[in-house]
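# A look at the structure
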Amino acid sequence: MVFALSALVMLNGCIVSEKKLTDKVQEAMVEYEQEQGNRLTVTDLKLEKSEGNDYKGVLTGRLNGEDVTYDVTVTDTGSDFDVDWELRK
């Protein structure tokens, strides 16, 4: 029972940190677009761990009133992260 409880706590910790990473990535993308004079409204961002500290995902939303979809890649270094995104055509 102790093993099951500690496994649950560890799993919950991963979920919280992935949620936090998703929120931070979303904020960074919105801020970047604002700095470029654009308005990005995020509908959804889904990130999945690909390998190591790397994540891949898809962001959907509206950029300056038009529907957009971005392919997103993230490297999480723990204290910081690097995010790249490319508009799907």
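A short tour of the structure in this document, coming up. (Residues numbered from 1 in each chain as written. Predicted model: local features only at pLDDT ≥ 70, side-chain atom pairs only at ≥ 80, totals over all residues. Heavy atoms only, no water.)

### Concerning the overall build of the protein
- Along its length, the protein carries one helix and four strands.
- Taken from N to C terminus, the helices and strands of the protein fall in the order α-β-β-β-β.
- Long-range contacts, defined here as pairs at least 24 residues apart, represent 27% of the contacts in the protein between residues at least 6 apart.
- Accessible surface for the protein amounts to roughly 6,600 Å². Of this, 52% is attributable to carbon and sulfur atoms. (Helix = DSSP H or I, 4+ residues; strand = E, 2+ residues; numbered from the N terminus. Contact = heavy atoms within 4.5 Å. Areas by Shrake-Rupley, 256 points an atom, 1.4 Å probe, with all protein chains shown as cover.)

### Thoughts on the pattern of salt bridges
- For the coordinates displayed, the defined rule picks out four salt bridges.
- Residues Lys 19 and Asp 23 are paired through a salt bridge, measuring 2.9 Å at the closest nitrogen-oxygen approach. Taken together, the positions of Lys 19 and Asp 23, both in helix α1 (residues 2-35) and four residues apart, correspond to about one turn of that helix.
- Between Lys 46 and Asp 44 there is a salt bridge; the shortest N-O distance is 3.3 Å.
- Take Lys 46: its relative accessible area is 55%, and that puts it in the exposed class.
- The exposure class assigned to Asp 44 is partly exposed, which follows from its relative accessible area of 31%. (Salt bridge = Lys/Arg side-chain N within 4 Å of Asp/Glu carboxyl O. Buried < 20%, exposed > 50% of the residue type's maximum accessible area, 1.4 Å probe, protein only.)

### As for the layout of surface pockets
- Counted as a void, the largest pocket has a volume near 220 Å³.
- Taken together, 14 residues make up the lining of the largest pocket; nearest its centre are Ser 17, Leu 21, Lys 24, Asp 76 and Gly 78.
- Ranked by residues supplied to the lining of the largest pocket, first place goes to α1 with five residues.
- Partitioned by chemical class, the residues of the lining of the largest pocket number three nonpolar, five polar and six charged. (1 Å grid on protein atoms, 1.4 Å probe; cavity = no way out; pocket = protein on both sides within 12 Å on 5 of 7 lines; lining within 4 Å. Points joined across faces, edges and corners; volume = space filled by probe spheres on them. Nonpolar A, V, L, I, M, F, W, Y, C, P; charged D, E, K, R; others polar.)

### Description of the sheet that holds strand β4 (residues 81-87)
- Pairing in this open sheet of four strands is antiparallel, and the strands run β1-β2-β3-β4 from one edge to the other. Strands at the two margins of the open sheet, each flanked by one partner only, are β1 (40-51) and β4. Pairwise comparison of adjacent strand axes, ignoring direction, gives a mean angle of 20° for this sheet.
- Two elements, strand β3 (residues 66-76) and β4, share seven bridges in a ladder whose sense is antiparallel. Bridged to Asp 71 within β4 is Glu 86. (Pairing = 2+ DSSP bridges. Axes fitted to C-alpha atoms, helices over the stretch in contact; angles between N-to-C directions.)

### Notes on the nonpolar core
- Ranked by internal contacts, the top residues of the largest apolar core, which has 16 residues, are Val 25, Leu 40, Leu 47, Leu 59, Tyr 70, Val 72 and Val 74.
- Of all the elements in the fold, those that place two or more residues in this core are α1, β1, β2 (54-63) and β3.
- If we ignore the near neighbours within four places in the chain, the residues touching Leu 40 are Met 29, Val 30, Glu 33, Leu 59, Arg 62, Leu 63, Val 68 and Tyr 70. (Core = buried A, V, L, I, M, F, W, Y, C linked by side-chain atoms within 4.5 Å.)

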